[in-house]
Amino acid sequence: MREIATIEVSALVNELKALAGYYFDKFYELGRGRFKFRLSRQGDRKELLCILKHTLNITDYVEKGGQESNFYAAVRKRIIGYKIEGIEQVNEDRIIDIEASKGEDRLHLIIEMFGKGNLLIADSSMKIMLAYTQEEFKDRKIRTGEIYQPPASNALPISKINAESVANIINDGKESRVTSGVTAYLAKAVNVGSLYIENAVIGAGVDPKSGIGQLGKGEADRVAEGIAALKRFVSAPEPFVYMKEGKTIDYAICNIEKYKSIEAKSMESLQAALDLFYHTIEEPKPAAEESNEAQAIRKSIEKQRELLKITEEGIVKSRRAGEIIFKNTGAINSIIMLLREKKRLSKEELQALLPDVKIVELDLKNKTVTIDLD
């Protein structure tokens, strides 16, 4: 399944703002990276589905099951009874911050929709109280007790996108002789999402695989204008779910040019599109999990292999040492004989008597001599 794009998070947050005033009634952990919140307000109930990296939407589908993990219990303890005060996008990135209150207490439910995905709870000062996955990166730490910091980004944020700013990025790429394709280059430089960058490029009549340096002035201007035009779908999305042979294959907040030959189902909201998509798409079957016994056996075998490797390396080293000693038996016997006859020799005197042998160290007190045979 593809990850949610930044521009889709922006549009989604605008829809989710309507949840202000609802209370967290229940929390369910449905599986790895999949959660559900039951919300209520004056008798009105809603089910909020969260699939890390993919979606956060009000759902009409009933999902049974769930698991009572330590994380499940910790989240329930911290959020049940809290009222949603507001929902915001953090740093114009794929991060959603749900601020909630209960009396004088406030907390933040933070959902990261990138990388492996994460769900965190932080206090009013953004100190992390709980994290689904504790992680450490070069520029930030997701750990209990740390102040939450979103990742830094050098990409152009959606709020600063216009035809001029995108045209400047294209010109920078051409002047820097960037070798990557126009879509790949702009997808990294403009924080929108590769699906929408590609759509704007195709809409401008440009091959999305063309090199950025191949764009003419007219083509560059059309691409810049097409990307700038995407901003309107943040506040006024026109969502579709795309289907082929009766199966859902993708969704988007606007019509996508490359899907023009397949069925496009218009949806009333982005949340409705996400809900349909993630409850009808055929997910790849997860690999069977190892049992505890199988894991123990596998680890034992790996350890035995490591010991065998160390033993084999030791055998090779010992054999090599034996060959060297055997080859130099005459020199070794000469040293032993000399030291037995002349017990007060210095290192220098011994070296002079045996010019063909390199004497490294002579310790008469401990009756040892170190020589270099290699």
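A brief structural summary. (Residues numbered from 1 in each chain as written. Predicted model: local features only at pLDDT ≥ 70, side-chain atom pairs only at ≥ 80, totals over all residues. Heavy atoms only, no water.)

## A short note on the environment of Lys 17
Heads up, the condition is: Secondary structure follows DSSP: runs of H or I at least 4 residues long count as helices, runs of E at least 2 residues long count as strands, and numbering of each begins at the N terminus. Note on exposure labels: buried denotes an accessible area under 20% of the residue type's maximum, exposed denotes more than 50%, and partly exposed covers the range between, all computed with a 1.4 Å probe on protein chains only. Here, residues are in contact when the closest pair of their heavy atoms is within 4.5 Å. A 3.5 Å cut-off defines polar contacts: any pair of N or O atoms within that distance qualifies, except that in protein one atom must be a possible hydrogen donor and the other a possible acceptor, and neighbouring residues in sequence count only when both atoms are side-chain atoms.
When you line up the elements, Lys 17 lands in the loop between α1 (6-16) and β1 (23-31). On the basis of relative accessible area, Lys 17 is assigned to the partly exposed category, the value being 34%. Through-space distance from the C-alpha of Lys 17 to that of Ile 249 is 28 Å; in sequence the pair is 232 residues apart. Setting aside chain neighbours within four positions, we find Lys 17 in contact with Ile 87 and Glu 88. Of the polar contacts made by the side chain of Lys 17, one reaches the side chain of Glu 88; its length is 3.1 Å.

## Brief notes about the sheet that holds strand β14 (residues 263-266)
In plain terms, the rule: Note on pairing: DSSP must find at least two bridges between two strands before they are called paired. A fitted line through C-alpha atoms represents every axis, and for helices the fit uses only the stretch in contact; the resulting angles, taken between N-to-C directions, go from 0 to 180 degrees.
With respect to topology, three strands assemble into an open sheet ordered β13-β12-β14, the strand pairing being antiparallel. Edge positions in the sheet fall to β13 (247-252) and β14, since each of these pairs with one other strand and no more. This sheet shows a mean twist of 30° between the axes of neighbouring strands, independent of strand direction. Of the pairings in the sheet, the one linking strand β12 (residues 240-244) to β14 comprises four bridges and is antiparallel in character. Of the residues in β14, the one forming a bridge with Val 241 is Lys 265.

## Structural notes on the nonpolar core
Across soluble globular proteins, nonpolar side chains show a tendency to be buried alongside one another. For clarity, the threshold we go by: For the purposes of this section, nonpolar cores are sets of buried Ala, Val, Leu, Ile, Met, Phe, Trp, Tyr and Cys residues that join through side-chain atoms within 4.5 Å.
Formed by 91 residues in total, the largest nonpolar core has its most connected members in Phe 24, Phe 37, Leu 56, Leu 186, Tyr 196 and Ile 227. Once residues lying within four places of it in the same chain are set aside, the contact partners of Phe 24 are Phe 37, Arg 38, Leu 39, Ile 79, Ile 80, Gly 81, Tyr 82, Ile 84, Ile 98, Ala 100 and Leu 109. One finds Ile 110, Leu 120, Ile 128 and Ala 131 within the second-largest nonpolar core, a separate group that totals ten residues.

## Side note on the pattern of salt bridges
This is how the line gets drawn: Criterion for a salt bridge: a side-chain nitrogen of Lys or Arg within 4 Å of a carboxyl oxygen of Asp or Glu.
In the structure shown here, the tally under the stated rule is 16 salt bridges. In this structure, Arg 106 engages Glu 99 in a salt bridge whose closest nitrogen and oxygen atoms are separated by 3.1 Å. We classify Glu 99 as partly exposed; its relative accessible area is 26%. One salt bridge connects Glu 198 with Lys 258, and the closest N-O pair in it is separated by 3.1 Å. Placement of Glu 198 in helix α5 (residues 194-203) and of Lys 258 in the loop between β13 and β14 is noted, with a sequence separation of 60 residues between them. Owing to a relative accessible area of 42%, Lys 258 belongs among the partly exposed residues under this scheme. It is possible to trace a salt-bridge network through shared partners that takes in Arg 2, Glu 8 and Asp 250.

## Topic: the packing of α1 against helix α8 (residues 270-280)
What counts is decided by this rule: Small angles under 35 degrees read as roughly parallel and large ones over 145 as roughly antiparallel, with 65 to 115 read as roughly perpendicular and the rest as oblique.
Direction vectors running N to C along α1 and α8 enclose 110°, while the axes themselves pass 9 Å from each other. With respect to α8, the axis of α1 lies roughly perpendicular. Here α1 contributes Glu 8, Ala 11, Leu 12, Glu 15 and Leu 16 to the contact with α8, which in turn contributes Leu 270, Gln 271 and Leu 274.

## Notes on the packing of aromatic side chains
The description of an aromatic ring pair rests on the distance of the ring centres and on the angle between the ring planes. Definition in use: Aromatic pairs are defined between Phe, Tyr and Trp rings, using the six-membered ring for Trp, whenever the two ring centres lie within 6.5 Å; interplanar angles under 30 degrees are classed as stacked, those over 60 as edge-to-face, and all others as tilted. To sit over a ring, a charge needs its Lys NZ or Arg CZ within 6 Å of the ring centre and within 35 degrees of the ring normal.
Scanning the model with the defined rule gives 13 aromatic pairs in all. When the ring of Phe 27 is compared with that of Tyr 72, the centres are 6.4 Å apart and the planes differ by 25°; the resulting orientation is stacked. With a gap of 45 residues between them, Phe 27 in strand β1 and Tyr 72 in helix α2 (residues 70-79) connect regions that are remote in the sequence. In terms of burial, Phe 27 and Tyr 72 fall into one category: buried. Grouping aromatic residues by their ring pairs yields a cluster made of Phe 24, Phe 27, Phe 35, Phe 37, Phe 71, Tyr 72 and Tyr 132. Over the ring of Tyr 251 we find Arg 2, and its NZ or CZ is 4.0 Å from the ring centre. A cation over an aromatic ring shows up here: Lys 36 above the ring of Tyr 28, its NZ or CZ 5.4 Å from the ring centre.

Shape is all these values report; function is a separate question.
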